[in-house]
Amino acid sequence: MFRRIRSFQAAFLITSLTTTTAVLAPSAAQEDFEMTPPSFSIIYPNIDPLRGKQLFVEKNCVLCHSINSVGGELAPPLDASNNRREVDLLDFAARMWRGSYAMVELQATELDYQIELEGYEIGDIAAFAYDLETQKSFTEGDVPPEIQQWIIDVSTAADDGLFD
Ligand code: HEC
């Protein structure tokens, strides 16, 4: 699943990341860091939006989140934006982290378990969450009936007292 990048490639990657970051307005926090040459290599997952589309359904994200109007209404939709073309894996993980308190609580109530995710699976789902073209092809036909029946719309959530 992973492509291990050798140090010289990592150095190249970091150089290009630094350049890109500079162009794409770094956050205040990032500006405070001085880049030191890496003594490690970076593992970069081969992310795939089509696999992400499948995982979005199989891992049950679709029960609470919608994409292209397919899915639940309990959580913010995860539609890609028209004007952000770059996939930011760490930002996606950070957004999940910020939502984690509510997500873990609700998964316990609604699913009876906490969803298990490997790093590369988060990468695939993030790729799908940023990929407008793949999202356009996402329809109810991608969600099997046994999962569709558990999708949480506003009225189910109200019946379950989730908005109380
Ligand atoms: C049981 C319901 C539920 C399930 C299942 C669920 N989430 Fe969430 N998720 C939420 C809720 C509710 C929030 C909003 C939390 C908040 O605002 O504090 C959220 C927030 C998020 C956010 C941040 C949204 C933003 O606007 O930045 C991301 C990203 C996210 N979830 C991804 C996922 C992924 C990926 C999966 C599947 C692996 C998943 N969620 C499964 C309920 C769920």
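Calculation criteria
Residues numbered from 1 in each chain as written. Predicted model: local features only at pLDDT ≥ 70, side-chain atom pairs only at ≥ 80, totals over all residues. Helix = DSSP H or I, 4+ residues; strand = E, 2+ residues; numbered from the N terminus. Buried ≥ 20, exposed ≤ 12 C-beta atoms within 10 Å, placed from the backbone. Contact = placed C-beta atoms within 7 Å. Arc of directions from axis to C-beta. Near = placed C-beta within 6 Å. Nonpolar A, V, L, I, M, F, W, Y, C, P; charged D, E, K, R; others polar. Core = buried A, V, L, I, M, F, W, Y, C linked by C-beta atoms within 7 Å. pLDDT = per-residue confidence, 0-100. Axes fitted to C-alpha atoms, helices over the stretch in contact; angles between N-to-C directions. Parallel < 35°, antiparallel > 145°, perpendicular 65-115°, else oblique. Expected span 1.5 Å × (residues − 1). Bend = angle between axes of the 7 residues up to and from the residue.

**Student:** In this structure, what is going on with the overall build of the protein chain? I would like to understand it.
**Tutor:** Broken down by element type, the protein chain carries eight helices and four strands. Each helix and strand of the protein chain, ordered N terminal to C terminal, gives the series β-α-α-β-α-β-β-α-α-α-α-α. Counting all 164 residues of the protein chain, 20% fall into the buried class. Summarising the internal contacts of the protein chain: among those between residues at least 6 apart in sequence, 76% fall at separations of at least 24.

**Student:** Where do I start with helix 3 (residues 49–58) in this structure?
**Tutor:** Count 3.6 residues to each turn of an α-helix, and residues three or four apart come out pointing the same way. Burial in helix 3 covers these residues: P49, G52, K53, L55 and F56. Viewed end-on, helix 3 has its buried residues packed into an arc of 170 degrees, placing them on one side of the element. Each element contacted by the buried residues of helix 3 is listed here: strand 3 (66–67), helix 5 (119–130) and helix 6 (132–136). Directly beyond the C-terminal end of helix 3, a positive phi value near 75 degrees is found at N60.

**Student:** Hey, could you run me through the site of the ligand in this one?
**Tutor:** In the vicinity of the ligand there are 21 residues, among which C61, C64, A75, R95 and G99 approach most closely. Residues belonging to the shell around the ligand are distributed by class as follows: 14 nonpolar, four polar and three charged.

**Student:** Which parts of the structure should I look at to understand the nonpolar core?
**Tutor:** As a rule of thumb, soluble globular proteins bury nonpolar side chains together. Ranked by size, the top nonpolar core spans 22 residues in total, and within it F56, I125, A126 and A129 carry the most contacts. Looking at this core, the elements that each hand over two or more residues are helix 3 and helix 5. The greatest single-element share of this core, amounting to seven residues, is contributed by helix 5. Discounting chain neighbours no more than four positions away, the residues touching I125 are G52, L55, F56 and C61.

**Student:** Help me out: how do you make sense of the confidence of the model for the protein chain in this one?
**Tutor:** Detailed conclusions should not be drawn from predicted coordinates in areas where pLDDT is low. For the protein chain, mean pLDDT is 83; residues scoring 70 or higher make up 81% of the total. Taken element by element, the predicted model of the protein chain shows its lowest mean pLDDT in helix 1 (residues 7–23) (41) and its highest in helix 3 (98). Segment residues 1–23 is flagged for pLDDT under 50; beyond a separation of four residues in sequence, or across chains, it makes 27 contacts in the model.

**Student:** Sorry if this is basic, but what is going on with the packing of helix 3 against helix 5 here?
**Tutor:** A packed helix pair is summarised by two numbers, namely the angle formed by the two axes and the spacing between the axes. Between helix 3 and helix 5, whose axes approach to 7 Å, the crossing angle comes to 100 degrees. The angle between the axes of helix 3 and helix 5 places the two elements in the roughly perpendicular class. Across the interface between the two elements, P49, R51, G52, K53, L55 and F56 of helix 3 pack against E121, D124, I125, A127 and F128 of helix 5.

**Student:** How should I be thinking about helix 4 (residues 89–110) in this particular structure?
**Tutor:** The terminal C-alpha atoms of helix 4, which comprises 22 residues, lie only 27 Å apart, well short of the 32 Å expected from a rise of 1.5 Å per residue. At S100, helix 4 is deflected by roughly 60 degrees, the largest bend along its length. Little of helix 4 sits inside the fold, with zero of its 22 residues counted as buried.

**Student:** How should the packing of helix 4 against helix 5 be read in this particular structure?
**Tutor:** Direction vectors running N to C along helix 4 and helix 5 enclose 100 degrees, while the axes themselves pass 10 Å from each other. By the angle between their directions, the pair helix 4 and helix 5 is classed as roughly perpendicular. Judged by residue contacts, L89, F92 and A93 of helix 4 engage I122, G123, A126 and A129 from helix 5. Partitioned by chemical class, the residues of the contact of helix 4 with helix 5 number six nonpolar, one polar and no charged.

**Student:** Whenever I open this one, unusual backbone geometry confuses me. Can you help?
**Tutor:** Across residues other than glycine, the phi torsion is negative in most instances, and most of the peptide bonds are trans. Phi at S69 is positive, roughly 65 degrees, even though this residue is not glycine. Looking at the secondary structure, you find S69 in the loop between strand 3 and strand 4 (70–71). Even without a glycine there, the phi angle at D112 is positive, about 75 degrees. Residue position: D112 is located in the loop between helix 4 and helix 5. The exposure class assigned to D112 is exposed, which follows from the 7 C-beta atoms found within 10 Å.

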